[in-house]
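So the chains spell out like this:
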Amino acid sequence: MRKISKILFVFVALAMLTACGASGSESKTVKIGVAIYKYDDNFMTVYREQLAKIFEAKNTDSVTYELTFQDGKGDQAEQTNQIDAFISQGMDLIIANLVDPASAATVIDKAKAAEIPVVFINREPAEDDLLIWEGRTAYVGADARQSGTFQGQIILDLETKGDINGDGVVSYVMIVGDPANIDAQYRTEYSIKALTDAGVTVDKLLEQRGDWEQPKGQEIAAGALAQFGDKVEVIFANNDAMALGALQAIESAGRTVGEDIYLVGVDALDEVVTLVNEGRITGTVLNDAEGQATKAVDVALRLLDGESVDTHYWVDYVKVVKEQ
Ligand code: BGC
């Protein structure tokens, strides 16, 4: 009898210990769905890695941030399905890099009904859409007007101000990202505005969309160099991926950046910063993926805490030219 009660006692004690242990180490899991417009994008790859890294550093003994990333593959219908799935899986928060920013209203309507806050990144939705659920949705990004202006200033700061052949006119080629994207629109407009505001006369030889992609940047620049030859003095690319493509075309046409042509991009991908320092690309503009991801995580944490947030959060661009 005594032996049985002893065994019983040990059993009960063990059960209690296990129960206490379980509740003592109980950690809350916060589920976050991240919808990326396309994995096959150099800049968004850097951004995605930063988001994962920064959230990981926020994990504590009591909270674990569980991120689920989805690749929208540049297809809004596919991305809408992915966001619908995030909602039915009961995510605590959604981070959305929309394929088509015009779909923001639909996303916000659904998220609001399910009470899941949304942080939009990189592709800016219309302000009216953000106001649909004011305080519980926000956009974190960089003002593309600034990046365009910086591209123009990089050219203005050169001794020739971009006019290599001295004919009083800067003849240029513009490689556009996705014209439906505000980043592409503003970079195209403001890079040239910086030149004309400074009194420089410009001649647009060609403006063509390259969808942010390196191979298209290469194709467009190769075509322009074949068609206009030495007349091309500056190639503006809305991003570094397309600038890298343009550089391939420039070098295989036997042209030399800094001597008979200039080339500028945006993003400051590591590879491009190296090329800028080697003098093979005139300059680029830092599109601060780490800064934007840090801000996006900050805003996400505040929303998860139940706070009300602003509609917009901005991160500055920075000019990048050869280190002296
Ligand atoms: C970046 C591009 C990128 C695009 C994606 C832009 O801000 O500069 O490199 O392809 O965002 O939306």
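Just so we're clear, the structure is a prediction, and the values are computed from it rather than from any experiment.

Analysis parameters
- Residues numbered from 1 in each chain as written.
- Predicted model: local features only at pLDDT ≥ 70, side-chain atom pairs only at ≥ 80, totals over all residues.
- Heavy atoms only, no water.
- Helix = DSSP H or I, 4+ residues; strand = E, 2+ residues; numbered from the N terminus.
- Rg over C-alpha atoms; globule rule 2.2 N^0.38 Å.
- Buried < 20%, exposed > 50% of the residue type's maximum accessible area, 1.4 Å probe, protein only.
- Contact = heavy atoms within 4.5 Å.
- Areas by Shrake-Rupley, 256 points an atom, 1.4 Å probe, with all protein chains shown as cover.
- Lys, Arg positive; Asp, Glu negative; His and termini not counted.
- Charge placed at Lys NZ, Arg CZ, Asp CG, Glu CD.
- Domains from an automatic or database assignment.
- Buried area = accessible area lost by both parts, 1.4 Å probe.
- Salt bridge = Lys/Arg side-chain N within 4 Å of Asp/Glu carboxyl O.
- Polar contact = N/O pair within 3.5 Å; in protein donor to acceptor, adjacent residues only side chain to side chain.
- Nonpolar A, V, L, I, M, F, W, Y, C, P; charged D, E, K, R; others polar.
- Near = heavy atom within 4 Å.
- Expected span 1.5 Å × (residues − 1).

With that out of the way, let us pick up the overall build of the protein chain. A count of helices and strands for the protein chain gives eleven helices and twelve strands. Relative to the 2.2 N^0.38 estimate, which gives 20 Å for 324 residues, the radius of gyration of the protein chain is 25 Å and therefore markedly larger than a compact globule would have. C-alpha atoms of the protein chain, sized along the principal axes, occupy 110 × 40 × 30 Å. Considering the protein chain as a whole, with its 324 residues, one finds that 48% of them fall into the buried category. Long-range pairs, those at least 24 residues apart, make up 73% of the contacts in the protein chain with a sequence separation of at least 6. Here the protein chain displays about 15,200 Å² of accessible surface, and carbon together with sulfur accounts for 50% of that area. For the protein chain, the centre of its 28 positive side-chain charges and the centre of its 52 negative side-chain charges are spaced 8 Å apart.

Moving on, we get to the domain arrangement of the protein chain. When cut into domains, the protein chain gives domain 1 (28-142 + 289-315) and domain 2 (144-286). Between the C-alpha centres of domain 1 and domain 2 there is a distance of 31 Å. Contacts between domain 1 and domain 2 engage ten residues on the former and eleven residues on the latter. For the domain 1 and domain 2 pair, buried surface summed over both sides reaches about 800 Å², with 40% attributable to carbon and sulfur atoms. Three residues, N42, F43 and R123, lead the burial of domain 1 against domain 2; their summed loss comes to 44% of the area buried on that side. Across the domain 1-domain 2 interface, the total number found is one salt bridge. A salt bridge links K38 to E213; the shortest N-O distance between them is 3.0 Å. Inspection of the domain 1/domain 2 interface yields two residue pairs in polar contact (both at pLDDT 80 or more). Residues that form the side of domain 1 that touches domain 2 fall into these classes: four nonpolar, two polar and four charged.

On to the side chain of N122, then. With respect to the helices and strands, the residue N122 is situated in the loop between β4 (118-121) and α5 (127-130). Of note is the side chain of N122, whose polar atom sits 3.0 Å from the side chain of N97. Aside from chain neighbours lying at most four places away, what touches N122 is F43, M44, N97, Y139, V140 and D183.

Per the counting criterion, the structure on display carries 17 salt bridges. D211 is the partner of R209 in a salt bridge, and the nearest nitrogen-oxygen pair spans 2.6 Å. On the basis of relative accessibility, which here comes to 44%, the residue R209 falls in the partly exposed class. For R280, the salt bridge identified is with E278, shortest N-O distance 3.3 Å.

Our focus in this paragraph is the site of the ligand. Taken together, the neighbourhood of the ligand is formed by Y37, D41, F43, N122, R123, N181, D183, R187, W212, N239, D267 and N287. Contact distances for the ligand include 2.6 Å between an oxygen atom and a side-chain N or O atom of D183. Note that an oxygen atom of the ligand is positioned 2.8 Å from one of the side-chain N or O atoms of R187. A total of 320 Å² of accessible area belongs to the ligand in isolation, and the protein chains cover 99% of it. Broken down by class, the residue content of the shell around the ligand amounts to three nonpolar, four polar and five charged.

Quick look at helix α7 (residues 182-197) now. With 16 residues, α7 extends 21 Å between its outermost C-alpha atoms, agreeing within 8% with the 22 Å of an ideal straight helix rising 1.5 Å per residue. Those residues of α7 not exposed but buried are D183, A184, R187, T188, Y190, S191, I192, A194 and L195. Looking at the packing, one finds that the buried side of α7 touches α6 (144-156), β6 (170-176), β7 (202-209) and β8 (234-237). Structurally, the start of α7 carries an N-cap: the backbone nitrogen of D183 is 2.8 Å from a side-chain oxygen of N181. Following α7 by one or two positions, G199 has its phi on the positive side, about 85 degrees.

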